[in-house]
Amino acid sequence: MNQTIAISAQNVIKAFGQGDHAVRALDDVSLDIRKGEFFTLLGPSGCGKTTLLRLIAGFEMPSGGTILLDGADITTLPPNKRPVNTVFQSYALFPHLTVAQNVAFGLEMLGKSKSEVTARVAEMLALVKLEPLAHRKTSQLSGGQQQRVALARALAPQPKVLLLDEPLSALDLKLRKEMQIELKRLQTETGITFVFVTHDQEEALTMSDRIGVMSAGHLQQVGSPKEIYTRPKNRFVASFIGETNFLGATRDPMGYRLDCGIVVQAPAAQADRVTLTIRPEQLRLVPEAEGDIPAKITNLVYFGTDTHCHMSLPDGTEVTARLQSPSDGESGLQIGQGIGLRFVPGALQVLEE
Amino acid sequence: MAKDVTHLPGFTTISMTVFAALYLPIVILVVYSFNSGEDLAHWEGIGLQWFTKAWANDQVKDATIRSLWLAAVAAVISTAVATMAALGTTRRGRFKGQTFIYVMINQPLMVPEIVTAVALLIFFAWFKVNLGYQGMGYLVLAHSAFCIPFAYLPIRARLESMDLTLETAAADLYATPWATFRRVTLPLLLPGILAGMMLAFVTSLDDVVITVFVKSAGQDTLPTYMLGQIRRQVSTEVYAISTMLLGLTVVLLVVFMALTRKKD
Ligand SMILES: Nc1ncnc2c1ncn2[C@@H]1O[C@H](COP(=O)(O)OP(=O)(O)OP(=O)(O)O)[C@@H](O)[C@H]1O
Ligand SMILES: [Mg+2]
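About the thresholds
- Residues numbered from 1 in each chain as written.
- Chains lettered and ligands numbered in written order.
- Predicted model: local features only at pLDDT ≥ 70, side-chain atom pairs only at ≥ 80, totals over all residues.
- Heavy atoms only, no water.
- Axes fitted to C-alpha atoms, helices over the stretch in contact; angles between N-to-C directions.
- Helix = DSSP H or I, 4+ residues; strand = E, 2+ residues; numbered from the N terminus.
- Parallel < 35°, antiparallel > 145°, perpendicular 65-115°, else oblique.
- Left-handed = near helix turned anticlockwise from the far one by under 90°.
- Contact = heavy atoms within 4.5 Å.
- Nonpolar A, V, L, I, M, F, W, Y, C, P; charged D, E, K, R; others polar.
- Phe/Tyr/Trp six-rings, centres within 6.5 Å; stacked < 30°, edge-to-face > 60°.
- Buried < 20%, exposed > 50% of the residue type's maximum accessible area, 1.4 Å probe, protein only.
- Lys NZ or Arg CZ within 6 Å of the ring centre and 35° of its normal.
- Pairing = 2+ DSSP bridges.
- Salt bridge = Lys/Arg side-chain N within 4 Å of Asp/Glu carboxyl O.

Visitor: Quick question: what am I supposed to make of the packing of helix α2 (residues 99-109) of chain A against helix α3 (residues 114-127) of chain A here?
Guide: To characterise two packed helices, one gives the angle between the axes of the helices and the distance between these axes. All names here are of chain A. Between α2 and α3, whose axes approach to 9 Å, the crossing angle comes to 125°. One element, α2, and the other, α3, form an angle in the oblique class. Along this stretch, α2 crosses α3, giving a crossing that reads as right-handed. Here Val99, Ala100, Val103, Ala104, Leu107 and Glu108 of α2 lie close against α3, whose contacting residues are Val117, Arg120, Val121, Met124 and Leu125. The residue inventory of the contact of α2 with α3, partitioned by class, reads nine nonpolar, no polar and two charged.

Okay, structure coming up:
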């Protein structure tokens, strides 16, 4: 077994309900999460992110497949026997215990000595900057503070893997940005493998070493934020992460013939009929005569630093380009105007259908 | 603004009448228990003679001790059983016969008490004859049984309002199922358990019908003693005892409300 893999899910299936009413929350998911990485599970609501996390934590048993931790099979191990801790979305702090007692809980259950528990609790409270609140009841804390307690409590027993289920979704935007940085710092400082669940693509892109994009119980693509963004594997990934343009095309001896009749270059694929994708910021606008493709501006939307230019191609396909707004605010573009489009070289991607 | 039921004509009159019907007799009882005269219907001034008389009466003392002792034992037993029943009906998935179990647990609330009393009379008579045992065991068993639903309801309510993720979190933090129960479930359940125990205690303390049918000679509880007294002649002593019982119940009720109101 590869020693750099922390969690390995192999052909994992999870079905809820029975017979005709059965729902496959996870359908044959295989995934390797590396030691020490910040791994994010990203996908729309109901795609099975929480279910996968609960299987790793041991709160549910899979209907099929195996889960390995550091190469050992943990598929049927109860949660209290797994060196894996969870930060719950609702924090799930014990209301009858103080902040320090909450953080100490896991250590005490592991049978650590009193002096060791005290030292480690102090260390964890310092790590999340909560020393002054050690003896408060958790109900007297703000949302952000509760979040920190939940983190300290889960990190205290030094788990091999920390699972975080949308831990930031209950926080307001400003606090959320702060906690994103905080989480990243904690992960780097502790070196613990983080498996983070979110449906916020921006959060996933900025925080993760690698991202697993999920949809409807399937893992669609796994890769670094850059790979996922610049080389999406299929239409779902391309449209879920960021905005993008889709162009229908047919294989041609010279490359691909777009539906508007123009031939372009893109990485080779198997199928004759394909969809090409290009990000709005990878489209360049030039005078009509100099462009690769002629287009007509249908709308201009001003976003401050950016301006979105909506255009239609000769065959009616709608595309959007993102342009930096000029410093004087005057782009010189007008709705209804004809314009030339150019693709940034190498930016066109071919999608598997 | 929509008018709610409190704005309907006559609402105030009706509610006042209902409250008067509920509380006026109790107020009169309490006032007359401090009557210094012999006559029940005649106010002759404030005095504590009926309290001291009741206190000096060995039969009253005997019945009081028996009542308190019985209520305490029945409350402890029924609360223990009710706690287990509540855990069994809330801390696992739905199972076959769940509704049936629920009905069974709450049977004493639904079956007329007199029916249970007669059934117990016949049932225990068999044991009394065949075993020769005449002790308090029968009363303890009977009281424990009919107190179960009173203990069960607040405990179950508390369990149902408890966040299940707390127990999941405990398991996640290496707590065995037993440690999870002892360190998380039980402390959070404690207010419910105490509330249940108090309700069971008051219910047992107050019972007449089942006690009368089940008790052997010389096993009078406070209520059955008072009933016996009143049959002979209504005495102000009974007023005094009632006032004391009322005082105890009020104290217990206040504690009960304090326990159930504060959520965490
Ligand atoms: N205990 C359960 N019983 C039945 N169906 C369930 C159960 N848990 C999850 N599901 C179903 O499994 C699917 C995946 O659920 P899951 O909670 O993993 O989604 P998610 O990706 O975490 O979504 P969200 O972003 O909304 O939290 C959903 O269709 C859900 O309805
Ligand atoms: Mg979820």
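Visitor: Help me understand the packing of aromatic side chains, please; the structure alone is not making it clear to me.
Guide: Note on aromatic pairs: each is described by the distance of the centres and the angle between the planes. Applying the stated rule across the entire model yields 13 aromatic pairs over all chains. Judged by centre distance (5.9 Å) and plane angle (20°), the rings of Phe59 of chain A and Phe88 of chain A are stacked. Taken as a pair, Phe59 of chain A in the loop between α1 (49-57) and β4 (64-69) and Phe88 of chain A in the loop between β6 (84-87) and α2 lie far apart in primary sequence, 29 residues in all. Using a relative accessible area of 17% as the deciding quantity, one classes Phe59 of chain A as buried. For the ring pair Phe123 of chain B and Phe124 of chain B, a centre distance of 5.7 Å and an interplane angle of 45° mean the geometry is tilted. With relative accessibility at 47%, the residue Phe123 of chain B sits in the partly exposed group. Taking relative accessible area as the criterion, Phe124 of chain B reaches 5% and is therefore assigned buried. One aromatic cluster is present, formed by Phe123, Phe124, Trp126, Phe127, Tyr133 and Tyr138 of chain B through successive ring pairs. The ring of Phe94 of chain A has Arg153 of chain A lying over it, and the distance from NZ or CZ to the ring centre is 4.7 Å.

Visitor: What am I meant to see in the sheet that holds strand β18 (residues 318-324) of chain A here?
Guide: Where strands meet in a sheet, backbone hydrogen bonds hold them as pairs that are either parallel or antiparallel. Residues and elements named next belong to chain A. The five strands lie next to each other as β15-β19-β16-β17-β18, forming an open sheet whose pairing is antiparallel. Looking along the sheet, the strands with just one partner apiece sit at the ends: β15 (283-286) and β18. Put simply, the sheet's adjacent strands are angled 45° from each other on average, direction ignored. In terms of strand pairing, β15 meets strand β19 (residues 338-343) through four bridges, oriented antiparallel. Among the inter-strand pairings, Val286 is bridged to a residue of β19, identified as Gly340.

Visitor: For this particular structure, what's the right way to read the pattern of salt bridges?
Guide: A pair can form between side chains of opposite charge whenever their charged atoms are brought close. With the rule as written, the count across this model stands at 23 salt bridges over all chains. Residue Arg273 of chain A is joined to Asp259 of chain A by a salt bridge in which the shortest nitrogen-to-oxygen separation is 3.1 Å. You can see Arg273 of chain A sitting in strand β14 (residues 273-278) and its partner Asp259 of chain A sitting in the loop between β12 (255-258) and β13 (263-264), a full 14 residues away along the chain. You can call Asp259 of chain A partly exposed: its relative accessible area is 39%. Note that Asp62 of chain B is salt-bridged to Arg66 of chain B, the shortest N-O span being 3.2 Å. Taken together, the residues span about one helical turn, with Asp62 of chain B and Arg66 of chain B both in helix α3 (residues 58-90) at a distance of four residues. Taking relative accessible area as the criterion, Arg66 of chain B reaches 15% and is therefore assigned buried. Each of Lys129, Arg148, Glu182, Arg185 and Glu189 of chain A takes part in a single network of salt bridges with overlapping partners.

Visitor: Help me out: how do you make sense of the environment of Leu48 of chain B in this one?
Guide: All names here are of chain B. In this fold, Leu48 is placed in the loop between α1 (11-33) and α2 (49-56). A relative accessible area of 52% means that Leu48 is categorised as exposed. For the pair formed by Leu48 and Phe34, sequence separation is 14 residues and the distance between their alpha carbons is 5.7 Å.

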